[in-house]
Amino acid sequence: MATEPYREAVPVEHVVAVLRERVYGAMACLATLAVLVRHTGPESSAWAPVLDVAVATGGLWAASLLADWVAHLGVHRSAPRGWTALRMLHASGQIVEAAVLPLLVLVAAAVGPLSTSTAMWIAMWILVAELGVIGLVAVRRARLPWWQQLFTITGLIGVGVLVVGVKILGH
């Protein structure tokens, strides 16, 4: 069967796209939460930030998928099909996957005793940790000295901490 080799060997470009989209998704969700936390008071409902994060995440996902589709049309002169289309969906889906845990925390606040403000801060720190995990996944097979791997992971976490830190200072 002609598609069998694609099942065995995932193209490097696809892995790059998956990691890239996961970082985009985590950073976009973190930035969205950092903006929304300013408008969250003790009596705020968590459903509003759930909707805001879902809309922002969905918009970024749609933009990513549409950009890939248009780029594919421009380069290949045809719409993506088969494994190519599935890989595009998988890569862009990382944006949505990055927001799942933060959204679950916000939903838990909407239906449970957790305050919306607390849930938003927990969700932001989850995203910072997620950036570290993404860095770890990215460097685990890299042929880099340990200190460069550590620098990469620390850099991703540092960017997340910077977003949260700026939010804390501005709060």
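Up top is the structure these notes are about.
Since we're looking at a predicted model, the values are computed, not measured.

**Quick notes on the environment of glutamate 13**
Within the secondary structure, glutamate 13 is located in helix H2 (residues 12-36). The spatial distance from the C-alpha of glutamate 13 to the C-alpha of glycine 93 is 16 Å, given a sequence separation of 80 residues.

**Regarding unusual backbone geometry**
One non-glycine residue, arginine 77, lies in positive phi territory at about 60°. If you trace the backbone, arginine 77 turns up in the loop between helix H3 (47-76) and helix H4 (82-111).

**Re the packing of H3 against H4**
Their axes nearest at 9 Å, the elements H3 and H4 cross at an angle of 175°. Judged on the interaxial angle alone, H4 and H3 are roughly antiparallel. Partitioning the contact of H3 with H4 into residue classes produces 19 nonpolar, 6 polar and 1 charged.

**Brief notes about the pattern of salt bridges**
Per the stated rule, a full pass over the model turns up 3 salt bridges. Its salt-bridge partner being arginine 20, residue glutamate 21 comes within 3.3 Å of it at the nearest N-O pair. Residue class for glutamate 21 comes out buried when judged on its relative accessible area of 5%. Given the relative accessible area of 33%, arginine 20 is considered partly exposed. Linking arginine 22 and glutamate 97 is a salt bridge whose minimum nitrogen-to-oxygen distance equals 3.2 Å. Here glutamate 97 lies in helix H4 and arginine 22 lies in helix H2, a separation of 75 residues in the sequence. Given the relative accessible area of 40%, glutamate 97 is considered partly exposed. One salt-bridge network, in which partners are shared between bridges, spans Arg22, Glu97 and Glu130.

**Looking at the nonpolar core**
By size, the foremost hydrophobic cluster in this structure holds 27 residues, and its most contacted members are Leu30, Leu33, Val53, Leu106 and Met124. Those elements that place two or more of their residues in this core are H2, H3, H4, helix H5 (116-139) and helix H6 (146-170). The element contributing the most residues to this core is H5, with 9 residues. With residues up to four places along the chain from it excluded, the contact list for leucine 106 reads Leu33, Ala46, Pro49, Val50, Val53, Ala119 and Met120.

Reading the values: the criteria
- Residues numbered from 1 in each chain as written.
- Predicted model: local features only at pLDDT ≥ 70, side-chain atom pairs only at ≥ 80, totals over all residues.
- Heavy atoms only, no water.
- Helix = DSSP H or I, 4+ residues; strand = E, 2+ residues; numbered from the N terminus.
- Axes fitted to C-alpha atoms, helices over the stretch in contact; angles between N-to-C directions.
- Parallel < 35°, antiparallel > 145°, perpendicular 65-115°, else oblique.
- Nonpolar A, V, L, I, M, F, W, Y, C, P; charged D, E, K, R; others polar.
- Salt bridge = Lys/Arg side-chain N within 4 Å of Asp/Glu carboxyl O.
- Buried < 20%, exposed > 50% of the residue type's maximum accessible area, 1.4 Å probe, protein only.
- Core = buried A, V, L, I, M, F, W, Y, C linked by side-chain atoms within 4.5 Å.
- Contact = heavy atoms within 4.5 Å.

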